[in-house]
Amino acid sequence: MRKQLTIALWAAVVAAACSKSTETIAGREAIAFRSEVASRAIVEDEAGMREGGIGVFGAVTYQSSTVAETIFDNEHLMYEAGKGWYYAEPVRYWIPESKYAFAGIYPYAEAAYYAFDAQTGVLTVADYESGEGHIDEDLMYASHARDLALTTNREAVPLAMHHACAALQFKIINASGSTVTAIDDIALTGLLHNGTLTVQSDGTATWTMVDERVAEDDTTTFGGTFAMPEGGFEDDIRNPLPLYDKGIITVLPQVLRGQAVKLTMRINGATEARTVNLSNIADKWEAGKRYVYTMTLTNDTI
């Protein structure tokens, strides 16, 4: 389950204020950021991240040291038209001959499950729970390293955000010969839903999954509702409708083949639920990819 972290306001900023990186020296360039979306699931472009913002982590190792110092600790990177991406003061500056490691996470949150190792540049998102409460929420990450002993580049840090989850979209067509008046108890079951994401300093990301699957009778974790049209869902093969009213949902990337990952629902209040075995359709769900399932409802099958 997700855990919330309560911290003293600006504690991280106050700690960073003693850093060489926050000294204002004439001619020194400020560290700035820019962002883009490198893969597409729910958020498809940089504009989609502006409202919630990005959490930024960063560390510097000075020329005379082998120990990295944290200069950004889940700093809230915000966006303003005409200003671009920015963070609250104090401003941090590039220090010549120093090595830098940066990481970004979307969405920004004051969460205990975000952790950054300043020495290695590794970002960890621990105990991430997909499903209930986060069924339509993206999770994206980025990393960047820069050695000012090897380059004079002081340009904005590029945060190329990659999707850590896969996106699913379900559409349904009514070909039953009659008007459907109710579609209830929509649920995904049999899938993995909890894990820890580790992002290396070179951008390589891996999931370590908790070996626990959504139970067959669980209609909550990945439960959904269908926005029934006024007058009912008419028989019309030309009119596919979104099965989940949220449109697109996110799941952890995982292998499906050999598993019993199912989509279930009840039609017109029937006692027996109808089931689609998704494990027979695709081998796996991959991070950063969107999978669209279009199903046809007949008299007795989907």
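These numbers come from a predicted model, not from an experiment. (Residues numbered from 1 in each chain as written. Predicted model: local features only at pLDDT ≥ 70, side-chain atom pairs only at ≥ 80, totals over all residues. Heavy atoms only, no water.)

S.K.: Before we go on, may I ask you to explain the overall build of the protein in this structure?
M.R.: Each helix and strand in the protein was counted, giving one helix and 21 strands. When burial is assessed residue by residue, the protein has 46% of its 302 residues classed as buried. Carbon and sulfur atoms form 49% of the exposed surface of the protein, whose accessible area is close to 14600 Å². (Helix = DSSP H or I, 4+ residues; strand = E, 2+ residues; numbered from the N terminus. Buried < 20%, exposed > 50% of the residue type's maximum accessible area, 1.4 Å probe, protein only. Areas by Shrake-Rupley, 256 points an atom, 1.4 Å probe, with all protein chains shown as cover.)

S.K.: What is the right way to read unusual backbone geometry from this model?
M.R.: With glycine set apart, most residues show a phi of negative sign, and most peptide bonds adopt trans. The omega torsion of the bond from Glu-89 to Pro-90 falls at 10 degrees, within 30 degrees of zero and hence cis. Omega for the peptide link from Tyr-106 to Pro-107 comes to 5 degrees, which places this bond in the cis form. Inspection of the secondary structure assignment puts Pro-107 in the loop between β5 (99–106) and β6 (114–117). With phi around 55 degrees, Asp-185 is a residue other than glycine that occupies positive phi space. In this fold, Asp-185 is placed in strand β11 (residues 183–189). Take Asp-185: its relative accessible area is 39%, and that puts it in the partly exposed class.

S.K.: Please explain the pairing of β11 as it appears in this structure.
M.R.: Looking along a regular strand, one sees side chains alternate from face to face of the sheet. For β11, the tally of buried residues reaches five of seven residues, placing the bulk of the element in the interior. Pairing of β11 with strand β18 (residues 262–267), which is carried by five bridges, proceeds in the antiparallel orientation. Residue pairing across strands places Thr-189 opposite Lys-262, the latter belonging to β18. In this sheet, strand β14 (residues 223–224) lies alongside β11 in antiparallel orientation, the contact comprising two bridges. Across the sheet, residue Ala-187 finds its bridge partner in β14, namely Gly-223. (Pairing = 2+ DSSP bridges.)

S.K.: Can you help me understand the pairing of strand β3 (residues 69–80) in this one?
M.R.: Taken together, the six bridges between strand β2 (residues 54–61) and β3 define a ladder with antiparallel strand orientation. If you follow Ala-59 over to β3, its bridge partner there is Thr-70. Relative to strand β4 (residues 84–86), β3 runs antiparallel, the two being bridged by three bridges. Bridged to Met-78 within β4 is Tyr-86.

S.K.: Honestly, the environment of Leu-150 in this entry has me stumped. Any pointers?
M.R.: Take Leu-150: it is sitting in the loop between β8 (140–147) and β9 (157–163). Spatially, the C-alpha atom of Leu-150 lies 9.3 Å from that of Ser-98, the residues being 52 residues apart in sequence.

S.K.: Just checking my understanding: could you explain the sheet that holds strand β12 (residues 194–199) for this structure?
M.R.: In a beta sheet, neighbouring strands pair by backbone hydrogen bonds and run either parallel or antiparallel. One open sheet holds the four strands; their spatial order is β6-β7-β12-β13, and the pairing between them is antiparallel. A strand with exactly one partner marks an edge of an open sheet, and here the two such strands are β6 and β13 (205–209). With direction set aside, neighbouring strand axes in the sheet form an average angle of 20 degrees. (Axes fitted to C-alpha atoms, helices over the stretch in contact; angles between N-to-C directions.)

S.K.: Looking at this model, I keep getting lost on the sheet that holds β14. Mind explaining?
M.R.: Strand order in the open sheet formed by four strands is β14-β11-β18-β19, and the pairing between neighbours is antiparallel. Two strands close off the open sheet at either side, each with one partner strand: β14 and β19 (274–277).

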